[in-house]
Amino acid sequence: MRCLHTFLTYIVLQSLLQLSSAASSAALGADFAVEASADSLAVTAPDVGGAPLTLARCWSCEYYPTTPFLREYDGVGDDCKTDGYDVDRAYYDPDAVSAFVERTEVEPGQSFVIERFSSFERDKGRDKIYDRFYLVRDAQIDPESGFASGGEVVAGPLFPGPPPAVSDEPRVPARSIKGLEAFDLEDAHELGCAHAAITIDVCWLVQSEGVETVDFVCNGKTYRFNKSAVDRYDAWVKQATDYGMEATFVLVFWAQRRHLASADWIAPDYELWVDWSYTLSIAAPNTVTLAGVEKLQALYEFLGARYTRPDRQFGRVSNFVIGNELNSGYIWNNMGRLPLDETVRQYERQLRIAHTALRKYWSGANTLAPFDNFWTANSAVEFQMERYVEKGGFAGKDYLLELAARTRAEGDYPWHVAYHPYGLDLRTPVYWDQHSTEQAAKDENAPRITPYNCEVLAAFLDKPETQCEKRGSNGVEPTYVKRELYFTEQGFASPHDDDYGTYNDDAYDPDALPNVWLDRQCAAFALAYFKAKAIGAKAYIFHRQFDMQSERLNIGLWARPKDQETGKGAKKPIWFQFQEIDQPGAKEKNEKYLPILRFYPRETPPESWDELLSH
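The model shown is predicted, which means the values in this text are computed figures rather than measured ones.

Take the nonpolar core next. Judged by nonpolar contacts, the single largest core of 139 residues is most densely connected at Phe249, Leu299, Tyr300, Leu303, Phe487 and Tyr540. When residues in this core are grouped by element, the largest group, eleven residues, is from helix α14 (residues 515–534). Excluding residues that lie within four positions of it along the chain, Tyr300 makes contacts with Leu251, Ile322, Gln350, Ile353, Ala354, Ala357 and Leu358. Listed in part, the 17 residues of the second largest apolar core include Val252, Ile282, Tyr388 and Tyr486.

Right, dumping it as structure tokens:
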């Protein structure tokens, strides 16, 4: 295995180092292509001249440091002197990865076909669409193991293009962008929701010890999922589908529930969030080891096979949000105190696995990468979490650019953006005061993205560096497709008194919330919804349906009962407004809220919604 270690290290340290400083086409090889059919992969080698090449394949969990400080210290974070970790751990185990030789004597410029499912004894039956491919010159082949060593990387790494799907049924456009994080689908149906979202408790779903399970085979191995969770999600998806709603899954590993899953599901450098005495946090999944990667493949294949079926036996899920608020990952997608490139490298593995697995079953399934409203600002700086600055806490703009560059570098695919354009302070619906408008300026370098300036994000997704590069150009000038924009979590509070900064639950009365704040909640929602529609967002999913005591925001469409954590207390005015917001005449019906929307520094209210939307 020593020669394998040398070969793999040499390959990736040469090829991936190019990715950080060169255009993706140079790193991939101008005409290098690997495209999937039902049972084979069509390979096109670049016309680079010289001696014949070797086509090699490596498992997608192979783990290589690509920057000098990571190579020097060969560990987690930047180095043990500054990253807060006492011990550096090796990035990869050379005994856990293999460079399978797929074809020798490949002539530059040659096209040929190889089998899609592996016949190697070590990974027999494995679907190679999850693996990286390289073309290597002067590789040495070990006749006993069939593995390669030495050589010079000519092209790669490259993941295969998407395979043909079980179903190519086209997506049916939703009847409007109006959606809700829906606990009560009967209520959502009465509200006329076109979209419904639910947060999937992945740790509960993958619990397999001491519970009845549903079995699923992926890559020749059997994986078990908690039948209670499966039954719950089956019922929710089927009801949402029967009501004609476009269903969205938000997939998270709740940190407080991680004991339900085996340890290899969770990122090995995950750190439990303990700041602010705030218990709610999310762990990132494990994309470091082979066991973790294979489990993620099984998870997303299970979801694709079950919830994108053409017959809709269990309903249909159209959108899959992978993780939560990535740029504030130290609390909402924690994988440890890692720098941006390493954070994105680990997350991108999960995103690519999800996209590949889901598209195996339905070509219309969407994968979405989620961000909070910190754009050029960094929440770790804002909240004085110094140890997480650039170590789990990043500007959303930086993270988005890094993610787009990485996916393009190894074979692009059409992931989309799920954004959360809350106002600056979730405790108040007001995002038109001086501080809010200064922080959400209408330019690309604004610290925040809120409803006031969300057109900045839409314009940014028009830029070439954020778009998806279409594959298969084969020397032709590449074409690019804009990534879609979904607003998958945002809402506006209705404080129960003017001192919204200090929450006093004793003053909460669901039948007597202050009208001034209920009106401001409606004004904030109306403009946010009309703006989202105007800039072409695919969905506007409101958070949340009911007030929740522990959330301390009063952000729901329903007030909660006074002595309960959540539930139906009284309908707020926003409930009725929400019901009609996508109906004809909605702007006229909501003109009564225009006097509230006095955006700094204007002294007079706007005369129409069109005036606000064009400003």
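What follows is about the pairing of strand β3 (residues 53–58). Most of β3 is tucked away: six of the six residues are buried. Of the two faces of β3, the one carrying Leu53, Leu55 and Arg57 and the one carrying Thr54, Ala56 and Cys58 are both buried. The pairing of β3 with strand β4 (residues 99–106) spans five bridges and is antiparallel. By the bridge assignment for β4, Ala56 is matched with Val101. As judged from the six bridges shared by β3 and strand β6 (residues 132–137), these two strands associate in the antiparallel manner. Across the sheet, residue Cys58 finds its bridge partner in β6, namely Arg132.

All right, on to the packing of aromatic side chains then. Tallied over the full model, the rule gives 35 aromatic pairs. Between Phe525 and Phe542, the aromatic rings sit 5.6 Å apart at their centres with planes inclined by 85°, giving edge-to-face as the arrangement. Taken together, the residues span a long stretch of sequence, with Phe525 in helix α14 and Phe542 in strand β22 (residues 539–542) at a distance of 17 residues. Like Phe542, Phe525 is buried. Between Trp558 and Trp575, the aromatic rings sit 6.5 Å apart at their centres with planes inclined by 75°, giving edge-to-face as the arrangement. Placement of the pair is Trp558 in strand β23 (residues 558–559) and Trp575 in helix α15 (residues 573–580), with a sequence separation of 17 residues. Of the two residues examined, Trp558 and Trp575, each falls in the buried class. Among the aromatic side chains, those forming a connected cluster through ring pairs are Phe487, Phe525, Tyr529, Phe530, Tyr540, Phe542, Phe578 and Trp609.

Pairing in this open sheet of three strands is antiparallel, and the strands run β1-β2-β5 from one edge to the other. At either margin of the open sheet sits one strand with a lone partner, and together these are β1 (33–36) and β5 (111–115). Ignoring strand direction, the axes of neighbouring strands in this sheet form an average angle of 25°. Sheet analysis places strand β2 (residues 40–44) next to β5, joined by five bridges and oriented antiparallel. If you follow Leu41 over to β5, its bridge partner there is Ile114.

So, on to the pairing of strand β10 (residues 178–181). Side chains Lys178 and Leu180 of β10 all project onto a buried face; the interleaved residues Gly179 and Glu181 project onto the opposite face, where all are buried too. Here β10 pairs with β22 via three bridges, running parallel. Its bridge partner lying in β22, Gly179 is registered against Ile541. With three bridges connecting them, β10 and strand β11 (residues 195–201) associate as parallel partners. The partner of Gly179 across the bridge, within β11, is His195. Handedness of the crossover joining β10 and β11 through helix α4 (residues 185–190) is recorded here as right-handed.

So, on to the confidence of the model for the protein chain. Summary statistics for the protein chain give a mean pLDDT of 88 and a share of 87% for residues scoring 70 or more. Note that residues 1–27 has pLDDT below 50 and, in this model, 54 contacts with residues that lie over four places away or in other chains. Below pLDDT 50 for its whole length, residues 90–96 participates in 23 contacts with residues either more than four positions away or in separate chains.

Reading guide: rules and limits
- Residues take numbers from 1 onward in each chain, read along the sequence in its written order.
- It should be noted that, the model being predicted, local features are given only for residues of pLDDT at least 70 and side-chain atom pairs only at 80 or more, the latter also being counted only at that level, while totals for whole chains, interfaces and linings use all residues.
- Only hydrogens and water are set aside when side-chain values are computed; all heavy atoms of the structure are taken into account.
- In this description, a nonpolar core means a group of buried Ala, Val, Leu, Ile, Met, Phe, Trp, Tyr and Cys residues linked to one another through side-chain atoms lying within 4.5 Å.
- Three exposure classes are used, based on accessible area relative to the maximum for each residue type with a 1.4 Å probe and protein chains only: buried under 20%, partly exposed in between, and exposed over 50%.
- Helix numbers and strand numbers start at the N terminus; a helix is a DSSP run of H or I with at least 4 residues, a strand a run of E with at least 2.
- Any two residues having at least one pair of non-hydrogen atoms within 4.5 Å are treated as being in contact.
- Here, strands pair whenever DSSP counts at least two bridges between them.
- Centres within 6.5 Å make a pair out of two Phe, Tyr or Trp rings, where for Trp the six-membered ring is used; the pair is then stacked when the planes are under 30 degrees apart, edge-to-face when over 60, and tilted otherwise.
- Whenever a helix is involved, its axis is fitted only over the stretch in contact; in every case the axis is a line through C-alpha atoms, and angles between N-to-C directions fall within 0 to 180 degrees.
- Handedness rule for crossovers: strands pointing away from the viewer, path from the first strand over the helix to the second running clockwise, crossover right-handed.
- Confidence scores labelled pLDDT are given residue by residue by the predictor and lie between 0 and 100.

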